[in-house]
Amino acid sequence: MKKLSFRCAWPAIFVIGLAGAAGAGAQTTAAAPPVEKLQRYQIDPAKVFVAGISSGGFAAVQMHVAHSATFKGAAIYAGGVYWCAGAGGAATALANCGGQTLPTNEASYNSMLAQSIAYLDTQSALGTIDSSLNLSGQSVYLWSGTRDATVNPRQMADLNAEYLHYGAKVVFDNGFPAAHGWESPNGELDCGTAGSPFMVKCSVNGAPYDSVQTWLKLFLGRLNPRNNGKLQGTLSNFDQTEFGAAPNVSLNSTGTVFVPKACAQGKTCGMVLALHGCKQYSALIGNRWVIQAGINEWADTNNLVVVYPDTIASSAPGPTNPNGCYDWWGYSNQVDPNYALKSGAQMSVLYGMVQRVTGR
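This is a predicted model, so every value here is computed, not measured.

Draft legend 1. Inspection of the nonpolar core at higher detail. Core analysis: the largest hydrophobic core is formed by 104 residues, its most contacted members being Tyr 82, Trp 182 and Trp 215. Element by element, the count of residues in this core is highest for helix H10 (residues 345-358), at eight residues. With residues up to four places along the chain from it excluded, the contact list for Tyr 82 reads Val 61, Gln 62, Val 65, Ser 116, Tyr 119, Leu 120, Ile 129, Glu 162, Ala 340 and Leu 341.

Draft legend 2. Just unusual backbone geometry, in detail. The residue after Ala 316, namely Pro 317, is reached through a cis peptide bond having omega 15°. A positive phi angle is found at Asn 105, which is not glycine, with a value near 65°. If you trace the backbone, Asn 105 turns up in the loop between strand S5 (100-101) and helix H3 (113-126). In this structure, Ser 250 takes a positive phi of about 55° despite not being glycine.

Draft legend 3. Structural detail: the packing of helix H1 (residues 55-66) against H10. Contact geometry for H1 and H10: axes closest at 11 Å, N-to-C directions at 70°. In this view, H1 runs roughly perpendicular relative to H10, as classed from their interaxial angle. Across the interface between the two elements, Gln 62, Met 63 and Ala 66 from H1 touch Met 347, Leu 350 and Tyr 351 from H10.

Draft legend 4. Representation of H10 within the structure. Taking 1.5 Å of rise per residue, 14 residues should cover 20 Å, and H10 covers 21 Å from first to last C-alpha, within 8% of that figure. By the criterion of burial, H10 is predominantly enclosed, with 11 of the 14 residues buried. Those residues of H10 that sit buried are Ala 345, Gln 346, Met 347, Val 349, Leu 350, Tyr 351, Gly 352, Met 353, Val 354, Val 357 and Thr 358. Lining the buried residues of H10 we find strand S3 (43-53), H1, strand S13 (234-239), strand S15 (269-275) and strand S16 (304-308). Just beyond H10, the residue with positive phi is Gly 359, at close to 75°.

Criteria and thresholds
- Residues numbered from 1 in each chain as written.
- Predicted model: local features only at pLDDT ≥ 70, side-chain atom pairs only at ≥ 80, totals over all residues.
- Heavy atoms only, no water.
- Core = buried A, V, L, I, M, F, W, Y, C linked by side-chain atoms within 4.5 Å.
- Buried < 20%, exposed > 50% of the residue type's maximum accessible area, 1.4 Å probe, protein only.
- Helix = DSSP H or I, 4+ residues; strand = E, 2+ residues; numbered from the N terminus.
- Contact = heavy atoms within 4.5 Å.
- Axes fitted to C-alpha atoms, helices over the stretch in contact; angles between N-to-C directions.
- Parallel < 35°, antiparallel > 145°, perpendicular 65-115°, else oblique.
- Expected span 1.5 Å × (residues − 1).

Written out as structure tokens, the structure reads:
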């Protein structure tokens, strides 16, 4: 067999920032606020959602599937099927799921759909995750650019098939000639342009497209207009350590939360858990993911508390996670075989944040 050479794309993934002028409606903030304790809010249990991009997208699938009684919908950008990495670790994850680009300029891919469904069914029966029956009827949004050379579009097609298998209602945005990235009107790159900061701006009939609007409308129905001016809500840094964040699970001591004014005043609101990707942790790019994702502008006018956890880069003798990715292949505590289950080390920390905000 002819030996192929590869280039690993994970080190370059998800550096979302301000390479030039900000896109339409972009927000800026002053100096970082002080670290506070994450608060409880009046959250409608029917409006709790999770979203993520690539490594954060894989992790968002894990959170959604494992806690499907809590999360009522998911928005996944360039992620993949549940337990995609299996028990094989980082090398298997790269070869089968995403992050490794072939000489043909397409992402390496081997279908894990059958194995994923079998594992999901087994864990659902064992009770290590919530019942898979919860996924039936839930709303799911999927984004995959046709020019994505980091996470193969076939991987997202598998995820679409998996969600449909369990009866979810899926909107699959897979017709845009987009490179790898999070789509937003704030995007700094043209739709088909690959590279940092991996924020792409696509259009329909010459008008800017807004994928966040698409999935929030899917989840919530009618939306109030997006706030393109000064946000009325507040961004705060919160303490992640009280939930178990530590170097052994490659999580930062602080995260960020956006709270609309009405939610702070006691109005019943919804919640989004938003997970960044590799090389997008705050120690590397500051608050650019939080500001540029384009979620806050909709959350501000539609009463959604948005929780942005944060990772750190780590290496031996701790977890091998040099690019600050979320754990979707088992690196926590150096090796965590339960990384995709409710008992997973990093999963438990993230869910603790959700429990605090929702009061569950």
